[in-house]
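Architecture at a glance
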Amino acid sequence: MEDLQKIIQKSGTNLSLLDLEFKQIENLKDVLPLLVQFKNLKELNLHGNRLRQLPDDLSQLKNLEILDITNNMFENLQQVVHSLKTLPSLNHLEIALKSKEEEEFIIENLPQLVMLNQQAIKIEDQSEQQSDMQSERSGTGLEITLQQEDLEQMAMLHDSIKELRKEDEESEKQISSVFENSVKTIMKELQTKLAQKSPDHITNLTILKAKFNLSEVCFQLFIRYFKLTDKKLEQILTKLHDQHQQIFTDMSNVIMNVRDNQSIQSIQKKLLETNSGQSNQDKGTEQRLRQELQELQQYTREIEQENKAYLELLIKFGKGEKIQLNSVLNNQQKTEVQNIDNSSQFIQQNNNDKAIALNLIRPQQTQYASIQSKNNQLQSNVLVQAPQLVKMLTLKQFKDLIVEIYESKLKFDQKCSDSHLPRETMEQHMYTFLNQKYGLKSLILEWASCIINALKRYGNDDNDVAVFGKILRNECDEEFRFVQGQVKNTILELLKMYLRGKFPLKTNADIKEMMNQRVNSFIFQEEAEDIIKYMYNQEDSELILNKLKQYFIQPAKHVEKRMTREEQFQIVNEKDKSKIEFSIFQKVILDFQMKSHEKYLSKFILHFKQQDQDQNGIIDENEFRQLIADLNMGTNDFDIQRYLNKIDPYNNQQITFSQCVQLFSQEQAPGTNVPIIQKISVDSF
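Reading the values: the criteria
All residue numbers here refer to positions counted from 1 along the written sequence of the relevant chain. Local features in this predicted model are restricted to residues of pLDDT 70 or higher, and side-chain atom pairs are both shown and tallied only at a pLDDT of 80 or more, whereas totals for entire chains, interfaces and linings draw on every residue. Note that the side-chain values use all heavy atoms of the structure and ignore hydrogens as well as water. UniProt positions are given in the numbering used here, feature names are shortened, and annotations may be inferred rather than shown by experiment. Only DSSP runs of H or I reaching four residues or more are called helices, and only runs of E reaching two or more are called strands; each is numbered from the N terminus. Only Phe, Tyr and Trp rings take part, Trp by its six-membered ring, and two of them pair if their centres are within 6.5 Å. Stacked means planes under 30 degrees apart, edge-to-face means over 60, and tilted covers everything else. Both a distance and an angle decide whether a charge sits over a ring: NZ of Lys or CZ of Arg must be within 6 Å of the ring centre and within 35 degrees of the ring normal. Axes here refer to lines fitted to C-alpha atoms; in helices the fit is confined to the stretch in contact. Angles between the N-to-C directions go from 0 to 180 degrees. For classification purposes, an angle smaller than 35 degrees is called roughly parallel, one larger than 145 roughly antiparallel, one from 65 to 115 roughly perpendicular, and anything else oblique. The contact rule is simple, with two residues in contact once any of their heavy atoms fall within 4.5 Å. Gly is put with the polar residues, along with every residue not named as nonpolar or charged; the nonpolar set is Ala, Val, Leu, Ile, Met, Phe, Trp, Tyr, Cys and Pro, and the charged set is Asp, Glu, Lys and Arg. Throughout, a crossing is termed right-handed when the near helix is turned clockwise from the far one, and left-handed when it is turned anticlockwise from it by less than a right angle. For every residue, the accessible area obtained with a 1.4 Å probe (protein chains only) is divided by the maximum for its type, and the residue is called buried under 20%, exposed over 50%, and partly exposed between those limits. DSSP-based pairing: two strands are paired if at least 2 bridges between them are found.

Side note on the UniProt feature "domain: EF-hand" (unreviewed entry) in the protein
Residues annotated by UniProt as "domain: EF-hand" (unreviewed entry) correspond here to residues 599-634. Along residues 599-634, the helical share is 67% and the strand share 6%, with 24 Å between the first and last C-alpha atoms.

Some points on the packing of aromatic side chains
Evaluation of the coordinates by the stated rule reveals 11 aromatic pairs. Considering the side-chain rings of F604 and F664, the 5.7 Å spacing of their centres and the 80 degrees angle between planes classify their relative orientation as edge-to-face. Note that F604 is positioned in helix α21 (residues 582-611) and F664 in helix α24 (residues 657-666), a separation of 60 residues in sequence. Between Y643 and F664 the ring centres are 6.3 Å apart and the planes differ by 80 degrees, which places this aromatic pair in the edge-to-face class. Taken together, the residues Y643 in helix α23 (residues 637-647) and F664 in helix α24 connect sequence positions 21 residues apart. Here a set of aromatic residues connected by ring pairs shows up, and it is made of F604, F608, F624, Y643, F657 and F664. Positioned above the aromatic ring of Y406, the side-chain terminus of R481 is 4.2 Å from the ring centre.

Quick notes on the packing of helix α13 (residues 426-438) against helix α15 (residues 463-472)
The geometry of α13 relative to α15 is characterised by a closest axis approach of 7 Å and an angle of 105 degrees between their N-to-C directions. Judged on the interaxial angle alone, α15 and α13 are roughly perpendicular. Contacts between α13 and α15 involve M426, E427 and M430 on the former and, on the latter, F468, I471 and L472. Looking at side-chain class alone, the contact of α13 with α15 contains 5 nonpolar, no polar and 1 charged residues.

Observations regarding the packing of helix α12 (residues 395-418) against α15
Viewed as axis vectors pointing N to C, α12 and α15 meet at an angle of 45 degrees, and their least axial separation amounts to 10 Å. Comparing their axes, α15 and α12 come out oblique. α15 is crossed by α12, and the crossing has left-handed handedness. Contacts from L395, F398, K399, I402, I405 and Y406 in α12 reach D464, V465, V467, F468 and I471 in α15. The class makeup of the residues in the contact of α12 with α15 is 9 nonpolar, no polar and 2 charged.

Quick word on unusual backbone geometry
At H420, a position not held by glycine, the phi torsion is positive, near 60 degrees. Tracing the backbone through its elements, the reader meets H420 in the loop between α12 and α13. By relative accessible area, H420 is classed as partly exposed at 38%.

Focus on the sheet that holds strand β6 (residues 119-120)
An order of β1-β2-β3-β4-β5-β6 is seen for the 6 strands of this open sheet, with the pairing classed as mixed. Two strands in the sheet have a free side with no partner beyond their single neighbour: β1 (17-19) and β6. In the sheet, strand β5 (residues 115-116) pairs with β6 via 2 bridges, with the strands oriented antiparallel. Counted as the bridge partner of L116 is Q119 from β6.

Given below as structure tokens:
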């Protein structure tokens, strides 16, 4: 890579930080041999490149601690994490994540991380145990020790008492031998007890007893001295010694009993709290279950009534009779809706009528729904309603609803995975979402009609709406919405980079204000061209710029008049600067991205629809095997079984369009180094 080679030539390979932000790097394998030369490299910034995966082995970057790989185009998080595991010193990671589950996945698989996306990771260790031990130590108020100085002082005291007795040499040796043996016995017993790793208060008490026993040796020698010289004094010292010994023994017992009682009380308190909490939890659970049972019974009665009405409606459709909506609407709506005299306004063909009626009595995507039957267009999934009854959603309301459905889909997919259940299509989940939110079929059908009408109304004006519609119709995979989100972020990052380069003296607050002004109004032509040329190759850039030409607003001609110096400077500064609305600029790029993706998937969609006879976006194992055969890639039975283990591990016999696209984007075509989906788009098979 030329940029990295220039850095090596200019600064050498002793750098600890490398900034390779927005260098259009597509494959890190090509750069890795150069990166390895930086033996002291601790921080690497790869933000804003075009990486789709990381090399399997990065262990040669031994000292790398901080890595930023945000705003790239990674397709498989598992592969990225597997690669990051090979970095022995990595502790700070910046990476774009889509959900909380992905964050937990990274933390679980990279336990050495200290920081993830500027957030400290809480590492569970032995801190709680240490805290408990410290609290116990603080409870005693002391930390008792027995050091070499204590033994030396005790020996000096023993020698002083021995000098008082003035024994012969043999007696002195005997006394010294008794002292040494006593010290050895006491210290050996102390070491044995300390090795048991008792609580701090027990350890302190054990050390105190050892010190007491060492003093006891000297005390006994002292008493024996007075036994020979002064019987009366010997009796006094003996009584004093016995009382002192009893006080120490009682104090030791008190400490042990207090600690034991505290432990017992603590255990009893925890048991009471646990039992009380369990009792309250059981009562709360019982009450909640009773309430849910009542709601389900009420819901069942309402569904039975609706199904009866729909069955009557189906019979009338079968006989070709004209239908009055009054029979299927709520009582409040009966007074507002007139009979439909001309059924041709809403029903064009009798066959379509029967299909619509059949859709009314099928389950509207219960939590684990079976395969739906549907017509070619999404509109045939809902009840034909009078126009005045359909809610008119604003664009913002509809986009908020789309985001809500997306979030619900992610959570529901995770639940299905955890429960070993098949994944739903986006269309199926739309009905699951509406069913969970509203419950009654009349409301579900009404909101489904709102969604269909909003798709018609805003599909050509907003890219997010258009992508949602294509996902519903299985013309685009669900993961593509994340790609569009990444494109939006890249546009903003490139605009920020452009402004920083053009206005190097501006503060971050000023740059942010300039960003907000442009995002909410216009950006200049030179800014738009710079962003597009950076994001795309020359051919694509020219194509997008040609589409943007019709939207550029030319600067207005100023009427010649006397102007202030400030007005003259502003005119000169903005002379010949064309501009374009940021929203239009972004939409053109997103539309280009969407159409390119459509073209990329077009051949695969044709193959998939040939197997998906009922056009519901779901195929079974036999259809999947036939799909592989139609693609004619030379895949053997072992590869097919491996694909099935990934895409349908629990043999649910339900494989969605998006799952197929995701699988074939990750798996390489046999005998090649390109993904299957890419080979399909290039070859005609």
